[in-house]
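Here is how the chains run, residue by residue.
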Amino acid sequence: MKIAVVGTGYVGLVTGTCFAETGNYVTCIDIDQAKVESLRKGKMTIYEPGLEILFDRNRKESRLMFTTDLKEGIKGAEVIFLALPTPPGEDGSADLKYILGVADQLGHVMEDYAVIVDKSTVPVGTAEKVNAAIVKNAKVPFDVVSNPEFLREGVAVDDFMKPDRVVIGTKSERAKEIMERLYAPLVRQGNPIIFMDERSAEMTKYAANSFLAMKITFMNEIANLCEIAGADVDNVRKGIGTDSRIGKRFLFPGIGYGGSCFPKDVQALGQTAKEYGYDFKILKSVMLVNERQKTKLVPRLKEYFGGSLKGKTIALWGLAFKPHTDDIREAPALYNIKALKRAGAKVVVFDPEAVANVKKEIGKKVKYAKNPYEAAQDADALMIMTEWPEFRTPDFEKLSAALKSKVIFDGRNLYELKDMEAMGYDYFSIGRDTVTAKK
Ligand code: NAD
């Protein structure tokens, strides 16, 4: 099948590459000329484990093409995916200007029937708006389908190639048959394609992300209470996670959720509720608690240093919003850097993949280290913001020798309390006892 993907970011590039891998001819379209040039030359524009090998193979076999020209890119495509940004608008609702802008142009350039797929996360009612924007200019029949994406950055290829389920919102039998044919290679193990109406499909994506954000937030609240009540959140997590009704995942407390999806999607669902006159109380709390959680460690750090961070050097490990990605959108690390700078601290950072993106955003406001130990060199304390595997079992001898004082503020609960105690660290984590070295 010939398909087109408009928007070649995290979702678009994974979608295009994976569908090329299942034998389709895919053209990815993007307005970012430099991005398209780079991809044409075979240079990846994002870090996503496992993607490059598929990208190389399919590009070499001419199943994966790139262009900035919408008309050329969609020529002959049976399916046109819209994997465009939906950032928060001024009121917090998803800004549809990218989606509707492209929909507007599509009507002019479509030469044959095609299924237009909303792959972006979009509010209830968007398929109708996209339909209206295309129909104004269209000379050929078409269907608009809602097919939200559930991939997670860091494991996106696996998620895409082996989805738990595929959700497709359409009332058109013709579109249903085409989408079923396209997704068939990905659901051979019996994982379902769930067909529904467009509005339910749109709501499903927001419900899923908001539920997960709520689960994380609930655990963060439990962790905060554990700290005051003298309980250990790790034990509580294991105690409840083994209950199959609750499940083990998304129960790790930390310094709040970030990323390009949860914060904006929770906000957008809240705005949808508001527009329909519904007071969605839980969502409001989720946002408030997450805001508070993000920089929770900085006041404790300040207190540790007697009320001021002026002149202190803080090493900060982890910039990406989660491990295995270079994505820093809404990353808690960035909020903590800002808070540390406001408090007068110097910050030296390290991340295995996200440094280039951070440099683009905050430039020389922090110092960039080449490895974790260089970041820790002569620092007054270490803060951990992302649970990259290489931070889990560092060379503690090297780390202890590098740090000016053995102090760790860990936003991801990477270490065992007893180990930190044995090594003589002052160790602060989330929802657990504070370890204080005997002086
Ligand atoms: P992104 O910012 O990485 O990529 C969007 C791409 O669209 C960019 O390359 C941009 O240059 C391009 N673009 C903008 N306007 C364009 C136009 N007029 N024509 C062609 N290209 C254009 O965004 P993303 O993370 O891939 O997210 C896309 C959508 O998918 C969002 O709605 C997001 O919420 C949703 N989503 C994201 C994830 C994720 O993990 N990133 C997961 C599921 C769903």
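Predicted model only: the values in this text are computed from it and were never measured.

1. A look at empty space enclosed by the protein
Point 1. Going through the model one piece at a time under the given rule, you end up with one cavity of 30 Å³ or more.
Point 2. Roughly 40 Å³ of volume is contained in the largest cavity.
Point 3. Taken together, D118, S120, T121, V122, S146, P148, E202, K205 and Y206 make up the full set of residues lining the largest cavity.
Point 4. Here the lining of the largest cavity gets three residues from one element, more than from any other, and that element is helix α9 (residues 198-229).
Point 5. Among the residues making up the lining of the largest cavity, the classes are represented as three nonpolar, three polar and three charged.

2. Considering the pattern of salt bridges
Pairing between side chains becomes possible if they bear opposite charge and their charged atoms approach one another.
Point 1. Summed over the entire model, instances satisfying the criterion amount to 28 salt bridges.
Point 2. Residue E198 is joined to K171 by a salt bridge in which the shortest nitrogen-to-oxygen separation is 2.7 Å. With E198 in helix α9 and K171 in the loop between β7 (166-169) and α8 (173-183), the pair connects residues that are 27 residues apart, well separated along the chain.
Point 3. What makes E198 buried here is its relative accessible area of 12%.

3. Examining the environment of T313
Point 1. Within the fold, T313 resides in strand β9 (residues 313-317).
Point 2. With a relative accessible area of 15%, T313 lands in the buried category.
Point 3. Note: C-alpha distance between T313 and V347 (34 residues apart in sequence) is 5.8 Å.
Point 4. Every residue in contact with T313, bar those within four places of it in the chain, is listed here: K346, V348, D378, A379, D380 and A381.

4. A closer look at helix α14 (residues 332-342)
Point 1. Here α14 has its buried residues at P332, A333, L334, N336, I337, A339 and L340.
Point 2. In the core, the buried residues of α14 are packed alongside α12 (281-294), α13 (297-304), β9, β10 (346-350), α15 (355-362) and β12 (381-384).
Point 3. One or two steps after α14, the chain reaches G344, where phi turns positive at roughly 90°.

5. Digging into the pairing of β7
Point 1. Of the two faces of β7, the one holding V166 and I168 and the one holding V167 and G169 are both buried throughout.
Point 2. Here four bridges tie β7 to strand β8 (residues 193-196), and the two strands are oriented parallel to one another. Paired with G169 across the two strands is M196, which belongs to β8.

6. Quick word on the packing of helix α5 (residues 97-109) against helix α6 (residues 126-135)
Point 1. Look at α5 against α6: their axes get within 7 Å of each other, and the N-to-C directions meet at 35°. The crossing of α5 and α6 is right-handed. Facing I99, L100, A103, D104, L106 and G107 of α5, the residues of α6 in contact are K129, V130, A133 and I134.
Point 2. Residue composition of the contact of α5 with α6, by class: seven nonpolar, one polar and two charged.

7. Describing the layout of surface pockets
If a probe the size of a water molecule is rolled over the atoms, the empty space left behind becomes visible.
Point 1. Within this model, the second largest pocket holds a volume of roughly 180 Å³.
Point 2. What lines the second largest pocket is simply E330, L334, Y335, I337, K338, K341, E361, I362 and K365.
Point 3. The dominant element in the lining of the second largest pocket, judged by the number of residues it contributes, is α14, at five residues.
Point 4. Here the lining of the second largest pocket is composed, by residue class, of four nonpolar, no polar and five charged.

8. Let's talk about a positive patch on the surface
Point 1. Together, K302, K310, K338, K341, R342, K346, K365 and K367 make up a positively charged patch on the protein surface.
Point 2. Here the positive patch gets three residues from one element, more than from any other, and that element is α14.
Point 3. Among the secondary structure elements, R342 is positioned in helix α14.

9. Some words on the site of the ligand
Point 1. Lining the immediate environment of the ligand, one finds 27 residues, of which D30, K35, T86, E153 and K264 sit closest.
Point 2. Contacts to the ligand include K264, whose side-chain N or O atom sits 2.5 Å from an oxygen atom.
Point 3. At 2.9 Å from an oxygen atom of the ligand is found a side-chain nitrogen or oxygen belonging to R329.
Point 4. Burial of the ligand by the protein chains amounts to 89% of its free accessible area of 830 Å².
Point 5. Sorting the residues of the shell around the ligand by element identifies α1 (10-21) and α5 as the ones contributing at least two each.
Point 6. Each residue belonging to the shell around the ligand can be placed in one class, and the counts come to 12 nonpolar, seven polar and eight charged.
Point 7. The residues that make up the shell around the ligand include at least three from each of domain 1 (2-196) and domain 2 (205-293).

10. What to know about the domain arrangement of the protein chain
Reports often express the size of an interface as the amount of accessible area lost when the parts come together.
Point 1. According to the domain assignment, the protein chain contains domain 1 (2-196), domain 2 (205-293) and domain 3 (297-428).
Point 2. Contact residues are listed per partner, giving 12 residues for domain 2 and 14 residues for domain 3.
Point 3. Buried surface at the junction of domain 2 and domain 3, summed over both partners, amounts to about 920 Å²; 54% is from carbon and sulfur atoms.
Point 4. For domain 2, the biggest contributors to the area lost against domain 3 are I255, G259 and S260; these three give 52% of the whole.

11. Things to note about the side chain of N58
Point 1. Here N58 shows up in helix α3 (residues 51-60).
Point 2. Of note is the side chain of N58, whose polar atom sits 2.8 Å from the backbone oxygen of L54.
Point 3. Those residues within four positions of N58 in sequence are excluded, and the remaining contacts are T17, A20, E21, R63 and L64.

The rules behind these values
- Residues numbered from 1 in each chain as written.
- Predicted model: local features only at pLDDT ≥ 70, side-chain atom pairs only at ≥ 80, totals over all residues.
- Heavy atoms only, no water.
- 1 Å grid on protein atoms, 1.4 Å probe; cavity = no way out; pocket = protein on both sides within 12 Å on 5 of 7 lines; lining within 4 Å.
- Points joined across faces, edges and corners; volume = space filled by probe spheres on them.
- Helix = DSSP H or I, 4+ residues; strand = E, 2+ residues; numbered from the N terminus.
- Nonpolar A, V, L, I, M, F, W, Y, C, P; charged D, E, K, R; others polar.
- Salt bridge = Lys/Arg side-chain N within 4 Å of Asp/Glu carboxyl O.
- Buried < 20%, exposed > 50% of the residue type's maximum accessible area, 1.4 Å probe, protein only.
- Contact = heavy atoms within 4.5 Å.
- Pairing = 2+ DSSP bridges.
- Axes fitted to C-alpha atoms, helices over the stretch in contact; angles between N-to-C directions.
- Left-handed = near helix turned anticlockwise from the far one by under 90°.
- Patch = residues over 30% accessible without salt bridge, like charges linked within 9 Å, V, L, I, M, F, W, Y side chains within 5 Å.
- Areas by Shrake-Rupley, 256 points an atom, 1.4 Å probe, with all protein chains shown as cover.
- Lys, Arg positive; Asp, Glu negative; His and termini not counted.
- Charge placed at Lys NZ, Arg CZ, Asp CG, Glu CD.
- Near = heavy atom within 4 Å.
- Polar contact = N/O pair within 3.5 Å; in protein donor to acceptor, adjacent residues only side chain to side chain.
- Domains from an automatic or database assignment.
- Buried area = accessible area lost by both parts, 1.4 Å probe.

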